[in-house]
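Fold and geometry: a report
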Amino acid sequence: MINDFSIESKLKSGDFSIDTHLHEVYEINFMLTDNVDVFIDDTFYRSKCGDVFIFSPFAFHNINSKGNPFKRYVMFFSDDGIAASAAALMPLLNELKKPHQPIIHLCKKDSSKLQKLFDATEQAWHSSGIYSDFECISSFGKILSFLLPRLDKSTDKDIHASSYYKIQKILTYVNENIADNLTV
């Protein structure tokens, strides 16, 4: 099985909120419901059915359904785990590492295609047949191959300017509150 990889579909009902957190793996959320609030670093998004959110490692993020039921597919993976299990997928992961916007808006037709890919990947992930490892790796590669051409690539300049702005805000806050008992 692919190392450091998991996939599942989730139907959440009632109030669902994930506190702001980060982790050292990639997370892909394929939303099948409208109006879920998603925060990534310092940017707010309201999901539409078919939106795909890609959280890079160490990106602060949270999800809040505002009390409404919602459905999503969620996938976690690390590039090290993929490299150990399926080195042929590394060129795709290298494309994912390039600066890009964290959201992809899919049309209904593309959303339907992606849902079939997620279903196939989840089925392969949960099976234990002799071919399940290959099917899982193949399906995962198909998901990345589907998503990567649809990424809105940002320029390095845009990303660096954004990072500089974030660091400036932190430094300004620390300088203005240096006398206080500051916590992380």
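Each remark here, short or long, concerns the structure printed above.
Figured I'd write up the structure that's included with this text. What you see as residue numbers is a count from 1 along each chain, following the sequence as written. Local features in this predicted model are restricted to residues whose pLDDT is 70 or higher, and side-chain atom pairs enter the listing and the counts only when it is 80 or higher, whereas totals over whole chains, interfaces and linings include all residues. Think of the side-chain values as coming from all heavy atoms in the structure, minus any hydrogens and water.

1. Focus: the pattern of salt bridges
- Counted as salt bridges are all cases of a side-chain nitrogen of Lys or Arg within 4 Å of a carboxyl oxygen of Asp or Glu. Inspection of every chain in the model, using the stated rule, returns six salt bridges.
- We note a salt bridge from Arg72 to Glu27, for which the minimum N-O separation is 4.0 Å. Here Glu27 lies in strand S3 (residues 26–31) and Arg72 lies in strand S8 (residues 70–77), a separation of 45 residues in the sequence.
- Throughout this description, buried means an accessible area under 20% of the type-specific maximum (1.4 Å probe, protein chains only), exposed means over 50%, and partly exposed covers the range between. The buried category is assigned to Glu27, whose relative accessible area is 3%.
- Between Asp37 and Arg46 there is a salt bridge, with its nearest N and O atoms 2.9 Å apart.
- Relative accessible area serves as the criterion here: at 42%, Arg46 is assigned to the partly exposed category. Numbering of helices and strands starts at the N terminus; helices are DSSP runs of H or I of at least 4 residues and strands are runs of E of at least 2.

2. A look at helix H3 (residues 108–126)
- Helix span is expected to be 1.5 Å times the residue number reduced by one. In a regular helix each residue adds 1.5 Å, so 19 residues correspond to 27 Å; H3 covers 27 Å between its end C-alpha atoms and thus fits that length.
- All of the buried residues along H3 are Asp110, Ser111, Leu114, Leu117, Phe118, Thr121, Glu122, Ala124 and Trp125. Down the axis of H3, the sector holding all buried residues measures 160°, keeping them to one side. Of the exposed residues in H3, the ones pointing more than 90 degrees away from its buried face are Lys108, Lys109, Lys116, Gln123 and His126. This arc is built from the directions going out from the helix axis to the C-beta atoms.

3. Focus: the environment of Ser139
- Inspection of the secondary structure puts Ser139 in helix H4 (residues 132–147).
- For Ser139 and Glu122, which are 17 residues apart along the polypeptide, the C-alpha to C-alpha distance reads 8.8 Å.
- When neighbours within four sequence positions are excluded, Ser139 is seen to be in contact with Ala120 and Thr121. A contact between two residues is defined here by any heavy atoms of the two lying within 4.5 Å.

4. Digging into the packing of aromatic side chains
- Working definition: a ring pair exists when centres of Phe, Tyr or Trp rings (six-membered ring for Trp) sit within 6.5 Å. Plane angles under 30 degrees give stacked, over 60 give edge-to-face, the rest tilted. Taken as a whole and assessed by the stated rule, the structure comprises seven aromatic pairs.
- For the ring pair Phe30 and Tyr73, a centre distance of 6.1 Å and an interplane angle of 15° mean the geometry is stacked. In this pair, Phe30 sits in strand S3 while Tyr73 sits in strand S8, placing the two residues 43 residues apart along the sequence.
- Residue class for Tyr73 comes out buried when judged on its relative accessible area of 2%.
- Over the face of the ring belonging to Phe146 we find Arg150, whose NZ or CZ atom lies 3.8 Å from the ring centre. In this scheme, Lys NZ or Arg CZ marks a charge over a ring once it lies within 6 Å of the ring centre and within 35 degrees of the ring normal.

5. With respect to the sheet that holds strand S4 (residues 37–40)
- Here, a strand pair is defined by DSSP locating no fewer than two bridges between the strands. Taken together, the four strands give an open sheet; going across it, the order is S2-S7-S4-S5, and neighbouring strands pair in antiparallel fashion. Among the strands making up the open sheet, the edge pair consists of strand S2 (17–21) and strand S5 (43–46). Shown here is a sheet whose adjacent strand axes are inclined to one another by a mean of 15°, direction ignored.
- Sheet analysis places S4 next to strand S7 (residues 61–64), joined by four bridges and oriented antiparallel. The residue of S7 that forms the bridge with Ile40 is His61. Note on geometry: axes are lines fitted to C-alpha atoms, helical ones only across the stretch in contact, with angles between N-to-C directions running from 0 to 180 degrees.

6. Let's talk about H4
- Along its 16 residues, H4 runs 22 Å from first to last C-alpha, staying within 8% of the 22 Å computed at 1.5 Å per residue.
- Buried residues of H4: Ser132, Cys136, Ser139, Phe140, Gly141, Ile143, Leu144, Phe146 and Leu147, and no others.

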